[in-house]
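In case you want the letters, here they are:
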Amino acid sequence: MEKIKVLVVDDEKTFLETIVERLESRGFDVQGVASGKDCLDLMSMESFAVVVLDLKMATLSGLEVLKEIKKKWPTTQVVMLTGHASAETGIEGLSLGAFDYLIKPAQMEDLVRKIFQAAESRTALLQKRENLVNQ
Amino acid sequence: MKIRNIINKIKPRFWDEAIHQDQPGLFNYRRIWKLTVFCVSFVAITPLMVLSFMDYNLSRKTLQAEASFPIMRLVSNTTLNVGTFLEEKTALLRFIVQNNNYHDLIRPGHLEKLLSDINSSFGGFADLGVIDSRGIQISYTGPFDFQGKDYSMQEWFNEVVEKNLYVSEVFRGYRDEPHFVIAFKEYLPGENWFILRATIDTEEFNRLLQSLNVRPSTDVFLVNKNGILQTPSAFHGDVLERVKIDLPGPDVKSSDLEPADSNNFKNLLGCVSRESSILEINDSKDSKKFLGCALINNSPFIFMVIKSQRELMENWWKMRMELIGFMLISVTSILLVILSAATYLVSRIHDADIKRASALHKIEHTNKMASIGRLAAGVAHEINNPLAIINEKAGLLKDLFGYSEKYSKDEKLNSIADSIIHSVERCSAITRRLLGFAKHVDVEWKKVRIDNVVRDVLGFLDKEAQYRELEVNLEIDGENPELISDQGQLEQVFLNIINNAFAAVDDKGRIDVKISTYPEHVQVRIADNGCGIAPENLKKIFEPFFTTKGEQGTGLGLSITYGLVKKLGGDLSVESEPGKGSVFTVCLSRKFNPKGTVSLDCHK
């Protein structure tokens, strides 16, 4: 089975490195970027199945990146990570088309499960689109 | 006790309001009220009193003058009448002596004819007599046999010799019947003289006085200068008795006067002149009377009228009653209006102040909560980031142990990693709860399970409870204690109350929380066995700025809590017994009930 391509976006370098390593060890094809701009740049060159996106970042906020992603690559699924315990930002993200959200610090098992679910939903989405095209 | 109850019932709310010296906005309402009542009453009632007093005096004077006027008139008229009567008799005698010479007068039979002539045309003469200069009655006609009687030793004889004319007082004399005498001295040619003496029936006087037609209660009579009645009086004694009048001024009764003092009788009464005078006297029956009197010209007689004041002053008394009654009613109604208006206005000020204070508290509270919310959100986010890193690093460590042959079996290393991850979880739970408490400023109506809220709060205080070895019991009575309310604010309410309970109990104390579910409402009872609250503090416990903790307390905790419970449409009550503990009861409606009041009877 092909590895799921995951992009992690977080401006906290240490967190980024660690989570990339841990996701890689769980069999994902992972890349990490430290800013929203880098994320969008990289995505214009490569396509990713799932983006794990920190909502609170210094330069470009997570929600803006999310909007951009959904505009350009609607099939790419986004799992949000947030430091806010409030559901509000999460719900706002969901309304903008994010797949789901997790509150930091999240359990690795939860994150992995969410990534799998996101990837599955993307596959289903692509399948549907293919069928439409074939017809 | 009954009066106290009534006073308590009508006492306005602000009366027992504590004076907050540190709160310039809160006044001393009692002082304002007193000042208002005093000033307004003074300004309103003083002119009324002054005017009433002036009117009273003026009316009294006028009416008294009006009352005394008829008496004066009666006195002067009667005095004139009686005077005229006496003058007429005197003139008649003078006419007789001037038109009959001495020898005719002493001629037997002549006097009889004169007497019958006089009586047929004038009437009133009882007898006539001629007395010579030795005092011997040499000629007499009348019902008695007084011919030859010697009067020279009698007082009146000397007087008539001196003054030529003499009108006697009424006396009984030889005939033992009240009468008086008019005597007239006439000179004969040469040095000799004789006296014509006529006795006049007092009946004439009586008739004269009766003809005045006075009211039955009014007494008119004549007295002499010694206070001896000359005509019968209706109420003050009989003829020739001493008149029974209580003289004004010093407590002297006319009947107590010694004959020597009685010379002053007319002076005492002020009837010394022919001018009529009037004065007030006390009757034997303790009712005041007016006495009018005047001296009758050329006679020893004083005319007196005694009239009961009641008749004359009836109008005045009626008017006085009206005046006093009107004033009393006015003063009472003015006072009532002032009292109720002052009470109403000060109550309004008081209520407005209370409202303003509570609005200020609410704003303060809202601001406080908002800043705490921002702070907590910031803290939570800032802490969550490093926590996330620790979490990931520890997770990576554990992953690495898992892949390595060498470490995967090392229980100790694995358990260290696990405990790090577990601690991070706990930390994140704390930050999450911190946010949960701080965030809700506006009410968010949602379905809330009250038992979860209470459990959360108890969980928050768990460490302290363990540390102080407190016994905390949670009892849930009834199924599914669910209601529509705001979780965050409920958490704050219970945190506050349970925190207070923690503060009230000693170490190893006991706190019982009981949740009872009813169809309409949920009741949460938080009982502790702590120090309790003194009764005088109990009624002020929900007042803002009331604290027993001195510098350490803000006095806002329970007032905010109370405000929150009310905002959530609930009710908060407290019972306490000093030394035994306190019970706080929170009642919450289960239905959506914004700002409503709990009509439920939940304190059973």
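Only a predicted model underlies this, so the values are computations on that prediction, with no experimental measurement involved.

1. Side note on the overall build of chain B
Of the regular secondary structure elements, chain B holds 15 helices and 18 strands. Taken over 604 residues, chain B has a buried fraction of 30%. Nonlocal contacts in chain B, meaning residues at least 24 apart in sequence, comprise 61% of its contacts between residues at least 6 apart.

2. Regarding the overall build of chain A
What chain A contains, in helices and strands, is five helices and five strands. For chain A, the N- to C-terminal ordering of α and β elements is β-α-β-α-β-α-β-α-β-α. In chain A, which comprises 135 residues, the proportion classed as buried is 44%. Intrachain contacts of chain A at a sequence separation of at least 6 include 60% that bridge at least 24 residues.

3. What to know about unusual backbone geometry
All names here are of chain B. The residue N164 is not glycine, and still its phi comes out positive at about 70°. With respect to the secondary-structure elements, N164 resides in the loop between α5 (155-163) and β3 (165-167). Look at N164 and you get partly exposed, because 14 C-beta atoms sit within 10 Å. Located in the positive-phi region is K508, a residue other than glycine, with phi close to 65°. Topologically, K508 is positioned in the loop between α13 (487-504) and β15 (510-517).

4. Describing the sheet that holds β3(B)
All names here are of chain B. The sheet built from five strands is open, its strands ordered β2-β1-β5-β4-β3 with antiparallel pairing. Unpaired on one side and paired on the other, β2 (137-141) and β3 mark the two borders of the sheet. Neighbour to neighbour, the strand axes of the sheet diverge by 15° on average, direction disregarded. Relative to strand β4 (residues 179-187), β3 is paired through three bridges, and the arrangement is antiparallel. By the bridge assignment, Y166 is partnered in β4 with A183. Helix-sheet contacts for helix α2 (residues 29-99) involve β3, β4 and β5 (193-201), and the interaxial angle to β4 is about 40°. Contacts between helix α6 (residues 202-210) and the sheet are confined to β4 and β5, with β5 contributing the most and set at about 50° to the helix.

5. Focus: the environment of F171(B)
By the element assignment, F171(B) lies in the loop between β3 and β4. Here the alpha-carbon distance between F171(B) and L240(B), two residues 69 residues apart in the chain, equals 7.2 Å.

6. Observations concerning the interface of chain A and chain B
In this complex, chain A contributes 16 residues to the contact, which on the side of chain B involves 20 residues. A total of seven residues in the side of chain A that touches chain B trace back to one element, the largest contributor, which is helix α1 (residues 13-25) of chain A.

7. As for the nonpolar core
Formed by 50 residues in total, the largest nonpolar core has its most connected members in I182(B), A198(B), V223(B), I302(B), F303(B) and M304(B). Ranked by residues supplied to this core, first place goes to α2(B) with six residues. Look past the residues within four positions of I182(B) in its chain and what remains in contact with it is K89(B), T90(B), L93(B), V167(B), A198(B) and I200(B). Residues I4(A), L81(A), A106(A) and A394(B) belong to the second largest nonpolar core, which totals 45 residues.

8. Comments concerning the pairing of β2(B)
Residue and element names in this part refer to chain B. Relative to β2, strand β1 (residues 125-132) runs antiparallel, the two being bridged by four bridges. Among the inter-strand pairings, L128 is bridged to a residue of β2, identified as T141. Here β1 hands over to β2 after four residues, with G135 in that stretch at a positive phi of 95°.

9. Quick word on the sheet that holds strand β13 (residues 471-477) of chain B
All names here are of chain B. Overall, mixed pairing links the five strands, which are arranged β13-β15-β16-β18-β17 in an open sheet. Every interior strand has two partners, whereas the edge strands, β13 and β17 (570-577), have only one. Each strand of the sheet is rotated relative to its neighbour by a mean of 10°, with strand direction disregarded. In terms of strand pairing, β17 meets strand β18 (residues 581-589) through eight bridges, oriented antiparallel. Paired with G570 across the two strands is L588, which belongs to β18. Where α13 meets the sheet, it contacts β15, β16 (521-528) and β18, and its direction lies at approximately 20° from that of β16. The strands that helix α15 (residues 557-567) touches are β17 and β18; relative to β17, the one it contacts most, it runs at about 140°.

10. Comments concerning the packing of helix α11 (residues 450-460) of chain B against α13(B)
Residue and element names in this part refer to chain B. In contact at an axis separation of 9 Å, α11 and α13 are set at 50° when each is read in the N-to-C sense. Considering their axes alone, α11 and α13 lie oblique with respect to each other. The handedness of the crossing between α11 and α13 is right-handed. Here V453, V454, D456, V457, L458 and F460 of α11 lie close against α13, whose contacting residues are Q487, L490, E491, F494, L495 and I498. For the contact of α11 with α13, a count of residues per class yields nine nonpolar, one polar and two charged.

11. With respect to the packing of α13(B) against α15(B)
All names here are of chain B. Running from amino to carboxyl end, α13 crosses α15 at an angle of 145°, the nearest separation of the two axes being 10 Å. Two packed elements cross with a definite hand, and for α13 against α15 that hand is left-handed. From α13, Q489, Q492, V493, N496, I497 and N500 reach across to α15, where they touch G557, T561, L564 and V565. The residue inventory of the contact of α13 with α15, partitioned by class, reads four nonpolar, six polar and no charged.

12. A word on α11(B)
Residues and elements named next belong to chain B. Along α11, the residues that are buried comprise I450, V453, V454 and V457. The buried side chains of α11 occupy one side of the element, clustering within an arc of 95° when seen end-on. The inward-facing, buried residues of α11 abut β12 (446-449), β13, β14 (482-485), α13, β15 and β16.

13. Some words on the confidence of the model for chain A
For chain A, mean pLDDT is 86; residues scoring 70 or higher make up 93% of the total. For chain A, per-element mean pLDDT is lowest for helix α4 (residues 87-95) of chain A, which scores 71, and highest for strand β1 (residues 5-9) of chain A, which scores 94.

14. Here's the deal with the environment of G488(B)
All names here are of chain B. Topologically, G488 is positioned in helix α13. For G488, a count of 23 C-beta atoms within 10 Å corresponds to the buried category. Residues G488 and V453, spaced 35 residues apart in sequence, show a C-alpha to C-alpha distance of 8.6 Å.

What counts and what doesn't
- Residues numbered from 1 in each chain as written.
- Chains lettered and ligands numbered in written order.
- Predicted model: local features only at pLDDT ≥ 70, side-chain atom pairs only at ≥ 80, totals over all residues.
- Helix = DSSP H or I, 4+ residues; strand = E, 2+ residues; numbered from the N terminus.
- Buried ≥ 20, exposed ≤ 12 C-beta atoms within 10 Å, placed from the backbone.
- Contact = placed C-beta atoms within 7 Å.
- Pairing = 2+ DSSP bridges.
- Axes fitted to C-alpha atoms, helices over the stretch in contact; angles between N-to-C directions.
- Core = buried A, V, L, I, M, F, W, Y, C linked by C-beta atoms within 7 Å.
- Parallel < 35°, antiparallel > 145°, perpendicular 65-115°, else oblique.
- Left-handed = near helix turned anticlockwise from the far one by under 90°.
- Nonpolar A, V, L, I, M, F, W, Y, C, P; charged D, E, K, R; others polar.
- Arc of directions from axis to C-beta.
- pLDDT = per-residue confidence, 0-100.

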